[in-house]
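Below are the chains, spelled out letter by letter.
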Amino acid sequence: MSVVTRFAPSPTGRLHVGNIRTALHNYLFAKKHGGTFILRIDDTDRERSTAEFDQAIRDDLDWMGLRPDMIVRQSERFDLYEREFQRLKEAGRVYACYETPEELDLRRKVLLGRGLPPVYERQPADAPVPEGRAPHWRFRLDHEAPIVFTDLIRGEQRFDPKLLSDPVVRREDGSWLYLLPSVIDDVDLGVTHVVRGEDHVSNSAAQTQMFEALGAKPPQFAHEALLVAAEGKLSKRLGSYGAEHLRAEGVEPMALLSLLARIGTSQPVEPVANLAELAGGFDFSTFGRAPAHFDPNEVALVNARLLHRLDLAAVADRLPQGATEEDWLLLRPNLERLSDFTAWFAVLHGDVDPPELGHEERLLVKDAAAIAEKLDWAAEPWRALTDELKRTSGRKGRELFHPLRLALTGRESGPEMAGLVARMGRDRAVRRLEAAAKR
RNA sequence: GGCCCCAUCGUCUAGCGGUCUAGGACGUCGCCCUUUCACGGCGAAAACACGGGUUCGAUUCCCGUUGGGGUCACCA
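Note that the coordinates shown come from a computational prediction; the quantities given were computed from them, not determined experimentally.

Colleague: Can you explain the protein's contact with RNA strand B? Please cite residues and give values.
Modeller: Near RNA strand B you find 56 residues, and of these Arg-48, Glu-99, Arg-171, His-293 and Thr-386 are the closest. Backbone atoms, meaning sugar and phosphate, make up 67% of the atoms of RNA strand B lying within 4 Å of the protein. The separation between a base nitrogen of RNA strand B and a polar side-chain atom of His-136 is 3.1 Å. Classifying every residue of the surface near RNA strand B gives 17 nonpolar, 20 polar and 19 charged.

See the structure below:
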């Protein structure tokens, strides 16, 4: 049987690192086994779901190369839910309830106050039905059958159904809550593996019975430990590391994905060039069970390391017009993000603002300009320039190089000067040295 | 509050009773390369939360404490 996974976001916001990680794991597991990766848009909540977020989610997945083999929307499948719902109703697995949210809330507080688990208490069969009120519907958990399933990450999971509330599956107005439609879809689409955060384990327990009530075998579950922010402790804050933010920061998708695929596992976080390679090493047994700390700085680190080994071909279409292989190899080791390339490209082929230098440095740079003027640029201009200047000025080491670097590139640090100087050409070099001397 | 999960270097983790003078990766620090900074190469420092057991012997098993995470919605 071939593997089928699904990623089921609701279009009520953009993707963030937690979401993306779940999507990625579903994708990688499916691809590793030559299976199918489904994107299921969970838009049963018509109040909060928007077409814009629906689109944004697909764009973000596309940006990362996480292409779904199939896309379905729950809002287009209500007929199916209706049919299955009727079946469950006839089988007595779904029943009508008439409590108001306020009543339920109060009851919960009372139980909690008495130190009891706030589990929903079923009404007796002969309880009076309030007049003129539409019911909402709950799924009847089988209290006699202990719920047991083997989680791919957490091992054997056991739940006493008596400690679980019968989940509400449908509201008074007929709208759906996510629990049941999700199961119906998983059955219908042949989902074999449900990979999601550990905040869903108790949902999985209840859903296990729903699969069975529908006459289906529950899928394999894998509940991964959540990500928490490195600073502070609220996992909610992770929301700020959204896809749009990461994209705006100039993060390479594969850098993000390399980190997200490995964080919280026993495998080293290292830049990996493509999804296929990531999929090859994917293994639930390497997943830890403790929440992992997500540190945005780590994304930047992986991003830089990834860039340093990328070939020109991988980035050529995102580089400025006229950038050559030589430019790329020269500048690449110094990039933290690809967009840095543009500024360095200007150092080679455009203009830079002259820096402010001290009196001594201005004199040095003025001498440098005079020397540079006469050099054979086809030989080793940087070597020749610095050798000569060392002799005339008596300076060496940082004393000598720092002012030259500043004058020639406008920056404190950067790639190898020899390469930069040779590449920028004599005219540009002389012009900059003179400009810095005058400033 | 009930229930569930977790607890090893700063971080992610390996370890499944003796093989641990506790291994790897990221970060940090140092050295090398570079007549500068960075890149790169090499190396070093750095951890078994605490208290009880069990055992000839506990990082490893059990209990408790402390600490973290999750969940108990007519959200997903």
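Colleague: Talk me through the packing of aromatic side chains; I want residue IDs and the actual numbers.
Modeller: Evaluated as defined, the whole model comprises 15 aromatic pairs. With 6.3 Å between their ring centres and 10° between their planes, Phe-149 and Phe-159 make a pair best called stacked. Here Phe-159 lies in strand 7 (residues 155-159) and Phe-149 lies in strand 6 (residues 147-151), a separation of 10 residues in the sequence. For Phe-149, a relative accessible area of 8% translates into the label buried. Through a chain of ring-to-ring contacts, three or more aromatic side chains come together here, namely Phe-78, Tyr-81, Phe-85, Trp-137 and Trp-176. Here Arg-170 stacks its cationic end above the ring of Trp-176, 3.9 Å away from the centre of that ring. In this structure, Arg-411 packs its charged tip against the face of Trp-344, placed 4.3 Å from the ring centre.

Colleague: Please set out the nonpolar core residue by residue, giving values where relevant.
Modeller: Within the largest apolar cluster, 88 residues are counted, with the highest numbers of intra-cluster contacts made by Leu-28, Leu-61, Leu-257, Phe-294, Trp-328, Leu-408 and Leu-433. Looking at this core element by element, the count peaks at 8 residues for helix 1 (residues 17-32). Ranked by size, the runner-up nonpolar core spans 32 residues in total, among them Leu-179, Val-194, Val-201 and Met-210.

Colleague: Which residues make up helix 3 (residues 78-90), and what values do they have?
Modeller: Taking 1.5 Å as the rise per residue, helix 3 with 13 residues should run 18 Å; its terminal C-alpha atoms sit 18 Å apart, in good agreement. Among the residues of helix 3, those classed as buried are Leu-80, Tyr-81, Glu-84, Phe-85 and Leu-88. When helix 3 is viewed along its axis, its buried side chains cluster within an angular range of 130° and face the same direction. Exposed side chains of helix 3 directed beyond 90 degrees from the buried face belong to Asp-79, Arg-83 and Glu-90. Residues of helix 3 that are buried make contact with strand 4 (94-97), strand 5 (136-139), strand 8 (168-170), helix 5 (179-189) and helix 6 (201-213). Gly-92 occupies a position one or two residues after helix 3 and carries a positive phi of about 75°.

Colleague: Can you explain the pattern of salt bridges? Please cite residues and give values.
Modeller: Within this structure, the stated rule accounts for 28 salt bridges. Its salt-bridge partner being Asp-186, residue Arg-6 comes within 2.9 Å of it at the nearest N-O pair. Remark: Asp-186 occurs in helix 5 and Arg-6 occurs in strand 1 (residues 4-7); sequence separation between them is 180 residues. Each member of the pair, Arg-6 as well as Asp-186, carries the same accessibility label: buried. When the shortest N-O distance is used, the salt bridge between Asp-387 and Arg-383 registers 3.6 Å. Of the two residues, Asp-387 and Arg-383 are both situated in helix 15 (residues 381-393); the distance of 4 residues between them amounts to about one turn of the helix. Through salt bridges with shared partners, a single ionic network connects Arg-6, Arg-40, Asp-42, Arg-77, Asp-185, Asp-186 and Asp-188.

Colleague: With reference to specific residues and values, describe the sheet that holds strand 8.
Modeller: Reading across the sheet, the 3 strands line up as 4-5-8 and stay open at both edges, with antiparallel pairing between neighbours. Edge positions in the sheet fall to strand 4 and strand 8, since each of these pairs with one other strand and no more. Sheet twist, expressed as the mean angle between neighbouring strand axes with direction ignored, is 45°. Inspection of the sheet shows strand 4 paired to strand 5 by 4 bridges, in the antiparallel sense. Note that in strand 5 the partner of Ala-96 across the bridge is Trp-137.

Cut-offs and rules
Residues numbered from 1 in each chain as written. Chains lettered and ligands numbered in written order. Predicted model: local features only at pLDDT ≥ 70, side-chain atom pairs only at ≥ 80, totals over all residues. Heavy atoms only, no water. Near = heavy atom within 4 Å. Polar contact = N/O pair within 3.5 Å; in protein donor to acceptor, adjacent residues only side chain to side chain. Nonpolar A, V, L, I, M, F, W, Y, C, P; charged D, E, K, R; others polar. Phe/Tyr/Trp six-rings, centres within 6.5 Å; stacked < 30°, edge-to-face > 60°. Helix = DSSP H or I, 4+ residues; strand = E, 2+ residues; numbered from the N terminus. Buried < 20%, exposed > 50% of the residue type's maximum accessible area, 1.4 Å probe, protein only. Lys NZ or Arg CZ within 6 Å of the ring centre and 35° of its normal. Core = buried A, V, L, I, M, F, W, Y, C linked by side-chain atoms within 4.5 Å. Expected span 1.5 Å × (residues − 1). Arc of directions from axis to C-beta. Contact = heavy atoms within 4.5 Å. Salt bridge = Lys/Arg side-chain N within 4 Å of Asp/Glu carboxyl O. Pairing = 2+ DSSP bridges. Axes fitted to C-alpha atoms, helices over the stretch in contact; angles between N-to-C directions.

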